[in-house]
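In case you want the letters, here they are:
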Amino acid sequence: MSYLEGKVAPIREDRLGTCIEFGGVIGDIVQPFCDGCLKNRIRGFSQGTICQLLPSLAILTSLQETVVIVHGAVGCGGAVHSLGASVRLGQWRSGDKNPKGALWLSTNLNEQDVTQGGEEKLREAILESDKRYRPDAIVVLSTCVPGIIGDDVDGVANDLRDQISAALLPVHCEGFKTKVMATAYDAIFHSFLRNVIDGHDDTEFSVYDNEAAVAAESIRRKRLVNLMNVSSMTGPDQNELTRLLNKLGLEVNMLPCDAHPDAFRMAPFAALSVGVCPTHDDYFMGYLEEKFGVPFVGSQMPIGIENTGIWLRHVAARLNLEETAERVITTETEELKRAIEPILPSLKGKTAMLSAGEIRTLATAVLLQELGMEILAVRPYHYDKFGAVDVEHLAKINPSIRLNVATAQPFEAVNIINRAKPDLYIGHNSDNVWAAKCGVSVLPIYGTNSIYSGYAGAYDIARRIHRHLANTSFNEKLSRHVRQPYRDSWYREDPFKYIKRGELSA
Ligand code: SF4
């Protein structure tokens, strides 16, 4: 993890060879990815994408006692307005009965700043944030404008560190640098590792004032695990995974979302890091292992019956808890199967198409197959090596499932929907709206108050699909009264017409 020596984390395209352009069938992606043939593909036509600032803001604005300064043009922070409800809900869940929402400011760079530099405005914003809010941490999100004009964001932070009480974290999140929004995760972890965790050594237990307290803390740390949540994990999801880990006798230090900066400071002292989404956490967990010897697991997302069992077994294997885990898995699986038995006949043979982040899309598809449904197409936002486990699982059952690696690109989605005609589309609302206008029933793949993870999540997804498919008339009627923006001729074209295939990287 020599990356930490640099101020900026590498982009995913370089670090992992991540691809965001693929169209074909699921059986055809693993080998070309491993051979490097998917690098540097391009879309001749691209319709919308997602800036890495969006996932950054979703994570950072959820942090407790933290002010986020968006250093850039005022519009860069616009996405925060759509995050308000989930931020307040997270604060309320963390015990704040009067949640104030996201604490964020913009340096509002204008034309004059573009020519004369924005460092002075940033300096003022940092000092004002520290004075006004007295936060534990101040995060400076550097966007495209300072990246292009060359503002020395790290230099400003270094100058001010001694003048303020908050930890100061520059996060380099310039949207133009990457097409893979998951780069945001590395950018955030990079800054926390460099500025909060690295060099922090509390192994002396100096805060504990007697031997008994030191001994108790030492025992606690042996069964403390870092549970790496993601911003598309709901409160009920977090409760479910905590419940399962508690059943193994483990305590949870949850981060990064909704966490206090102290959760990051505690992370090096845990016995294990447990990922819930391998493409989200590998940068952070890999570094904790390398620098502090904290091992990690998390090759499966605990969505679905089998995936949840594998996830628990991986945790148990690292902490010698195998027998307990088997008992938990058997009990939970039997209870789940009894609960979903009456629902399964209504799902059997129904067809589905899914889109969202890589691992979530693939893991949810695996769950739908476990429920007896047939997967027609999956559209992960990106693809990297971490998707291979679920891709191979799905390909074994049906290698001809359509696979469209695409961040947004609704023109490809509607073309595939028109051909595949699934009974159900599961995606984020920004994707689902296109399927709904095609007359297909839709289910959000993430909704703030629903549950998706673990055994309770498997039951609830089954229950909600059953309910949605019981009456599909609303979207059918909707499709007869809305106009899609595409010509009829587009639906006769190959949906992957604009993806340039077969270009080998140098
Ligand atoms: S692409 Fe650049 S300018 Fe646009 S929102 Fe992202 S960081 Fe801001």
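Residues numbered from 1 in each chain as written. Predicted model: local features only at pLDDT ≥ 70, side-chain atom pairs only at ≥ 80, totals over all residues.

A. Summary view of the overall build of the chain. Tallying secondary structure elements over the chain gives 23 helices and 16 strands in all. Taking 2.2 N^0.38 as the reference for a compact globule, 506 residues should give roughly 23 Å; the C-alpha atoms of the chain span a radius of gyration of 23 Å, in line with that estimate. Residue burial in the chain is summarised as follows: out of 506 residues, 48% are buried. In the chain, 74% of the contacts between residues at least 6 apart in sequence involve partners at least 24 apart. (Helix = DSSP H or I, 4+ residues; strand = E, 2+ residues; numbered from the N terminus. Rg over C-alpha atoms; globule rule 2.2 N^0.38 Å. Buried ≥ 20, exposed ≤ 12 C-beta atoms within 10 Å, placed from the backbone. Contact = placed C-beta atoms within 7 Å.)

B. Geometry of the sheet that holds strand β4 (residues 104–106). With parallel pairing, four strands are arranged side by side in an open sheet as β4-β3-β5-β6. Each having just a single partner strand, β4 and β6 (167–172) make up the two edges of the open sheet. The mean inter-strand angle of the sheet, taken between neighbouring strand axes irrespective of direction, is 20°. Judged from the six bridges that link them, strand β3 (residues 66–71) and strand β5 (residues 137–142) form a sheet pairing that is parallel. Bridging from a neighbouring strand, Val70 pairs with Leu141 of β5. Seen against the sheet, helix α6 (residues 119–133) touches β3, β4, β5 and β6 and runs at an angle of roughly 160° to β3. Here helix α8 (residues 153–160) sits on the sheet and contacts β3, β5 and β6; the angle it forms with β6, its principal contact strand, is near 180°. (Pairing = 2+ DSSP bridges. Axes fitted to C-alpha atoms, helices over the stretch in contact; angles between N-to-C directions.)

C. A look at the site of the ligand. Around the ligand, the neighbouring residues are Cys51, Leu53, Gly72, Cys76, Thr143, Cys144, Glu174, Gly175 and Phe176. Its residues assigned to classes, the shell around the ligand comprises five nonpolar, three polar and one charged. (Near = placed C-beta within 6 Å. Nonpolar A, V, L, I, M, F, W, Y, C, P; charged D, E, K, R; others polar.)

D. Broad picture of the nonpolar core. By size, the foremost hydrophobic cluster in this structure holds 144 residues, and its most contacted members are Ile69, Val139, Val140 and Leu141. Top contributing element to this core by residue count: helix α9 (residues 183–197), with nine residues. (Core = buried A, V, L, I, M, F, W, Y, C linked by C-beta atoms within 7 Å.)

E. Representation of the sheet that holds strand β14 (residues 424–427). Reading across from one edge, β1-β13-β12-β11-β14-β15 is the order of the six strands in this open sheet, with mixed pairing throughout. Strands at the two margins of the open sheet, each flanked by one partner only, are β1 (22–25) and β15 (441–444). With strand direction ignored, the average angle separating the axes of adjacent strands in the sheet is 15°. Examined bridge by bridge, strand β11 (residues 351–356) and β14 share three bridges and lie parallel to one another.

F. Region of the structure containing the pairing of β11. Taken across its six residues, β11 has five buried, putting it largely inside the fold. When β11 meets strand β12 (residues 374–380), the two strands line up parallel, connected through six bridges. Looking at β12, one finds that Ser355 is bridged to Arg379. What joins β11 to β12 is helix α17 (residues 358–370), and the crossover it makes is right-handed. (Right-handed = clockwise from strand over helix to strand, strands pointing away.)

G. Structural detail: helix α13 (residues 278–292). The first and last C-alpha atoms of α13 sit 20 Å apart over 15 residues, in line with the 21 Å expected at 1.5 Å per residue. A bend of about 30° at Phe284 is the largest found in α13. Listing the buried residues of α13 in full gives Pro278, Thr279, His280, Asp281, Asp282, Tyr283, Phe284, Met285, Tyr287 and Leu288. At its buried positions, α13 is contacted by α9, β7 (224–228), β9 (272–275), β10 (296–297) and α17. (Expected span 1.5 Å × (residues − 1). Bend = angle between axes of the 7 residues up to and from the residue.)

H. Quick peek at the packing of helix α11 (residues 235–247) against helix α21 (residues 454–470). At a minimum axis distance of 7 Å, the contact between α11 and α21 shows a crossing angle of 135°. Considering their axes alone, α11 and α21 lie oblique with respect to each other. Taking contact as the criterion, the partners of Asp237, Glu240, Leu241 and Leu244 in α11 are, on α21, Gly454, Ala456 and Gly457. (Parallel < 35°, antiparallel > 145°, perpendicular 65-115°, else oblique.)

I. How the structure looks around α21. Its 17 residues give α21 an end-to-end C-alpha distance of 25 Å, which sits within 8% of 24 Å, the value for a rise of 1.5 Å per residue. Among all positions in α21, only Gly454, Tyr455, Ala456, Gly457, Ala458, Ile461, Ala462 and Ile465 are buried.

J. Summary view of the packing of helix α15 (residues 322–340) against α21. Orientation of α15 relative to α21, taken along the N-to-C sense of each, is 10°, at an axis distance of 10 Å. By the angle between their axes, α15 is roughly parallel relative to α21. Contacts between α15 and α21 involve Glu332, Leu336, Ala339 and Ile340 from the first element and Tyr455, Ala458, Tyr459 and Ala462 from the second. Here the contact of α15 with α21 is composed, by residue class, of seven nonpolar, no polar and one charged.

K. Summary view of the environment of Leu354. By secondary structure assignment, the location of Leu354 is in strand β11. As for Leu354 and Asn432, which are separated by 78 residues in sequence, their C-alpha atoms are 9.3 Å apart. Discounting chain neighbours no more than four positions away, the residues touching Leu354 are Thr361, Thr364, Ala365, Val378, Arg379, Ile426, Gly427 and Ile445.

L. Representation of the pairing of β5 in the model. The element β5 is largely enclosed, with a buried count of six among its six residues. Neither face of β5 is left uncovered, since the one carrying Ala137, Val139 and Leu141 and the one carrying Ile138, Val140 and Ser142 both have all their residues buried. Bridge count between β5 and β6: six bridges; the pairing is parallel. Its bridge partner lying in β6, Leu141 is registered against Val171.

M. Spotlight on the environment of Phe33. Relative to the helices and strands, Phe33 resides in helix α2 (residues 30–34). Along the primary structure Phe33 and Gly17 are separated by 16 residues, whereas in three dimensions their C-alpha atoms are 8.2 Å apart. Setting aside anything within four residues of it in sequence, one finds Phe33 in contact with Cys19, Leu38 and Tyr383.

N. Local environment of unusual backbone geometry. In this structure, Pro256 follows Leu255 across a cis peptide bond, with omega equal to 5°. The backbone phi angle of Asp258 is positive, close to 65°, even though this residue is not glycine. Structurally, the position occupied by Asp258 is in the loop between β8 (251–255) and α12 (261–266). The class for Asp258 is buried, based on 23 C-beta atoms found within 10 Å. Within the chain, Gln409 stands out as a residue other than glycine whose phi angle is a positive 55°. Along the chain, Gln409 turns up in the loop between β13 (402–405) and α19 (410–420).

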